[in-house]
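Chain and residue survey
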Amino acid sequence: MEDWVVIHRSCDTEREVCVEGLKKVFPQIRVVEAVDGRSCLTHPRRHPWEGTTSLGNIGNTVSHLDLVLSASTSQKERVFVFEDDAVVVGDLSGVLELIPEPWDLFYWGTNEVVEGDEAGEFVRVRRAWGVHAIVVRRSAMKAVLDAYINSVAEGYGYPADWVYNRAIQEGGLLAYTPKTSLIVQQGGLVSVNTGQVRE
């Protein structure tokens, strides 16, 4: 059993074209209302590097973690999480069967792999930015949830990619991404995380 989900705030109408594009590629996908960061005013917002994490980032993180928690609770084997600015740019056929086994997390693409090692047609991710299209296997769910719970307990408001990075490091997870991203973030949209137009 698995779940395919795109997180989308219905007020972000300029992103609907990306959502519809994902639905055409993945007919099984369902749309879930993303958490609006403005409803997370009591959530810790301390960022390890930048002082304060934006409410948009907080809402995005909580959206991701809600889906991982739901998948874990309902005994799903995998949850496919897409953000509503994700755009397919590569050939996805058979890619999941080509990932080196065993694996715990799969990024369909990233904005940057900060730390990683080549593994054939893939890169083993140790730290990356960008989680606009990620697959979380059951083997990774507890580590992802623990990374979030621990960061909040420490008073941090991690962006979603920070949570996954911490889970990789502390949970010893095996994470991979293709050498060339198959799914990217659509340029020209205002990022809900930074408030800036993405190139």
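The following paragraphs examine the structure supplied in this document. Every value quoted in this text rests on a predicted model; they were computed, and no experiment measured them. (Residues numbered from 1 in each chain as written. Predicted model: local features only at pLDDT ≥ 70, side-chain atom pairs only at ≥ 80, totals over all residues. Heavy atoms only, no water.)

**Digging into the nonpolar core**
Leu105, Tyr107, Val136, Val144 and Tyr164 are the most contacted members of the largest nonpolar core, which has 37 residues in total. Breaking this core down by element, the ones donating at least two residues are strand 1 (2–8), helix 2 (55–73), strand 5 (78–83), strand 7 (105–107), strand 9 (122–129), strand 10 (133–137), helix 4 (138–153) and helix 5 (160–171). The dominant element in this core, judged by the number of residues it contributes, is helix 4, at 7 residues. Contact partners of Val144, with chain neighbours within four places excluded, come to Leu65, Val68, Leu105, Val136, Val163, Tyr164 and Ala167. Membership of the second largest hydrophobic core comes to 23 residues, among which are Val19, Ile99, Leu182 and Ile183. (Core = buried A, V, L, I, M, F, W, Y, C linked by side-chain atoms within 4.5 Å. Buried < 20%, exposed > 50% of the residue type's maximum accessible area, 1.4 Å probe, protein only. Helix = DSSP H or I, 4+ residues; strand = E, 2+ residues; numbered from the N terminus. Contact = heavy atoms within 4.5 Å.)

**Remarks on helix 5**
Helix length check: helix 5 (12 residues) gives 16 Å between terminal C-alpha atoms against 16 Å at 1.5 Å per residue, within 8%. Of all 12 residues making up helix 5, 9 are buried, and the element is well covered by its neighbours. Restricting attention to buried positions, one finds in helix 5 the residues Ala160, Asp161, Trp162, Val163, Tyr164, Asn165, Arg166, Ala167 and Ile168. Downstream of helix 5 by one or two residues, Gly172 has phi in the positive range, about 60 degrees. (Expected span 1.5 Å × (residues − 1).)

**Describing the packing of helix 2 against helix 5**
It is the contact of helix 2 with helix 5, at a shortest axis distance of 8 Å, that shows an interaxial angle of 50 degrees. Taken together, the axis directions place helix 2 and helix 5 in an arrangement best described as oblique. On the side of helix 2, the interface is formed by Asn60, Thr61, His64, Leu65 and Val68, while helix 5 contributes Ala160, Val163 and Tyr164. Broken down by class, the residue content of the contact of helix 2 with helix 5 amounts to 5 nonpolar, 3 polar and no charged. (Axes fitted to C-alpha atoms, helices over the stretch in contact; angles between N-to-C directions. Parallel < 35°, antiparallel > 145°, perpendicular 65-115°, else oblique. Nonpolar A, V, L, I, M, F, W, Y, C, P; charged D, E, K, R; others polar.)

**Let's talk about the sheet that holds strand 10**
A sheet is described by the order of its strands in space; here 8 strands give the open sequence 2-1-5-10-7-11-9-8, paired in mixed fashion. Every other strand in the sheet has two partners, leaving strand 2 (30–33) and strand 8 (112–119) as the edge strands with one partner each. Each strand of the sheet is rotated relative to its neighbour by a mean of 30 degrees, with strand direction disregarded. Where strand 7 lies against strand 10, 3 bridges are found, and the strand directions are antiparallel. Within strand 10, the position partnered with Leu105 by the bridge is Val136. On the sheet, helix 4 packs against strand 5, strand 7 and strand 10 and is oriented at approximately 105 degrees with respect to strand 10. Relative to the sheet, helix 5 contacts strand 7, strand 9, strand 10 and strand 11 (175–178), its axis offset from that of strand 9 by approximately 125 degrees. (Pairing = 2+ DSSP bridges.)

By themselves, these observations are geometric and do not establish any function.
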